[in-house]
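# Understanding the architecture of this molecule
Given next are the chains, with one letter for each unit.
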Amino acid sequence: LHVRSRRQRQMCIRDSCYNKGLKNDPALTGKVAVQFTIDPSGAVSRAEVADTSLPDADVSECIANAVLNWRFPRPKSGRRVVVTYPFVLIPGERG
């Protein structure tokens, strides 16, 4: 993942998912590992929560659904690539 793109993606996740969970629980903290598939065109074709310590399942599912909107450069192999990416969520931390 390109650093700037990764930061932009993480900020989007924080803005669209995590902040909603913080409204219900201001101390909401945890890690969500999302496993996703990048297809040969660079689109994410599948994303699911692989593991989570976050007590808010809605936030975890929101993150996995948000990952479905990500795009990547075409894999050099020309094949699908499976990635597991951890999101560590701590109130007050950015990116």
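Residues numbered from 1 in each chain as written. Predicted model: local features only at pLDDT ≥ 70, side-chain atom pairs only at ≥ 80, totals over all residues. Heavy atoms only, no water.

### What to know about the overall build of the protein
Heads up, the condition is: Under the scheme used here, helices are H or I runs from DSSP no shorter than 4 residues and strands are E runs no shorter than 2 residues, and both carry numbers assigned from the N terminus. Three labels apply to residues, based on accessible area from a 1.4 Å probe with only protein chains included: buried if under 20% of the type maximum, exposed if over 50%, partly exposed otherwise in between. Residues are treated as being in contact if the distance between any of their heavy atoms lies within 4.5 Å. The accessible surface values rely on the Shrake-Rupley method and a 1.4 Å probe; as for residues, cover is taken only from the protein chains in view.
A count of helices and strands for the protein gives two helices and three strands. Counting from the amino terminus, helix and strand elements in the protein follow one another as α-β-β-α-β. Counting all 95 residues of the protein, 38% fall into the buried class. A sequence separation of at least 24 residues applies to 70% of the contacts in the protein between residues at least 6 apart. For the protein, the exposed surface amounts to about 5800 Å²; the carbon and sulfur share of it is 49%.

### A closer look at the state of the cysteines
Spelled out, the test is: Pairs of cysteine sulfur atoms within 2.5 Å are what we label disulfides.
A full pass over the atoms with the stated rule returns one disulfide. With its sulfur 2.1 Å from that of its partner, cysteine 17 forms a disulfide with cysteine 62. Around the S-S axis, the bridge from cysteine 17 to cysteine 62 shows a dihedral of about -75° and counts as left-handed. Here cysteine 17 is found in helix H1 (residues 3-24), whereas its partner cysteine 62 is found in helix H2 (residues 57-67), with 45 residues between them in sequence.

### Observations regarding the nonpolar core
Threshold: Put simply, a nonpolar core is a bunch of buried Ala, Val, Leu, Ile, Met, Phe, Trp, Tyr and Cys residues held in one set by side-chain atoms that sit within 4.5 Å of each other.
Formed by 22 residues in total, the largest nonpolar core has its most connected members in Val34, Phe36, Val44, Ile63, Val67, Trp70 and Phe87. The set of elements that each furnish at least two residues to this core consists of H1, strand E1 (30-38), strand E2 (44-52), H2 and strand E3 (81-89). Here this core gets five residues from one element, more than from any other, and that element is H2. In this view, valine 44 contacts Phe36, Thr37, Ile38, Val67, Leu68, Trp70 and Phe72; residues no more than four positions away in its chain are not counted.

### A few points about the pairing of E1
Under the convention used in this document: Strands are labelled as partners when DSSP assigns at least two bridges between them.
For E1, a buried count of seven out of nine residues is recorded, marking the element as mostly surrounded by other parts of the structure. Note: E1 against E2, seven bridges, orientation antiparallel. Across the sheet, the residue bridging to glutamine 35 is glutamate 48, located in E2. What sits between the antiparallel neighbours E1 and E2 is a turn of five residues, in which glycine 42 has the positive phi angle 100°.

### Examining the pattern of salt bridges
What counts here: Each reported salt bridge corresponds to a side-chain nitrogen of Lys or Arg within 4 Å of a carboxyl oxygen of Asp or Glu.
Per the stated rule, a full pass over the model turns up one salt bridge. Arginine 46 is the salt-bridge partner of glutamate 48, the closest N and O atoms lying 3.6 Å from each other.

### Considerations on the sheet that holds E2
Inclusion rule: Each axis is a line fitted through C-alpha atoms, and for a helix only the stretch in contact is used; angles between axes span 0 to 180 degrees, taken between their N-to-C directions.
Strand order in the open sheet formed by three strands is E2-E1-E3, and the pairing between neighbours is antiparallel. A strand with exactly one partner marks an edge of an open sheet, and here the two such strands are E2 and E3. Geometrically, the sheet is characterised by an average inter-axis angle of 25° between neighbouring strands, direction not taken into account. Of the pairings in the sheet, the one linking E1 to E3 comprises nine bridges and is antiparallel in character. Bridge assignment links isoleucine 38 to a residue of E3, and that residue is valine 81. Taken strand by strand, H2 contacts E1, E2 and E3, and its axis lies near 155° from that of E2.

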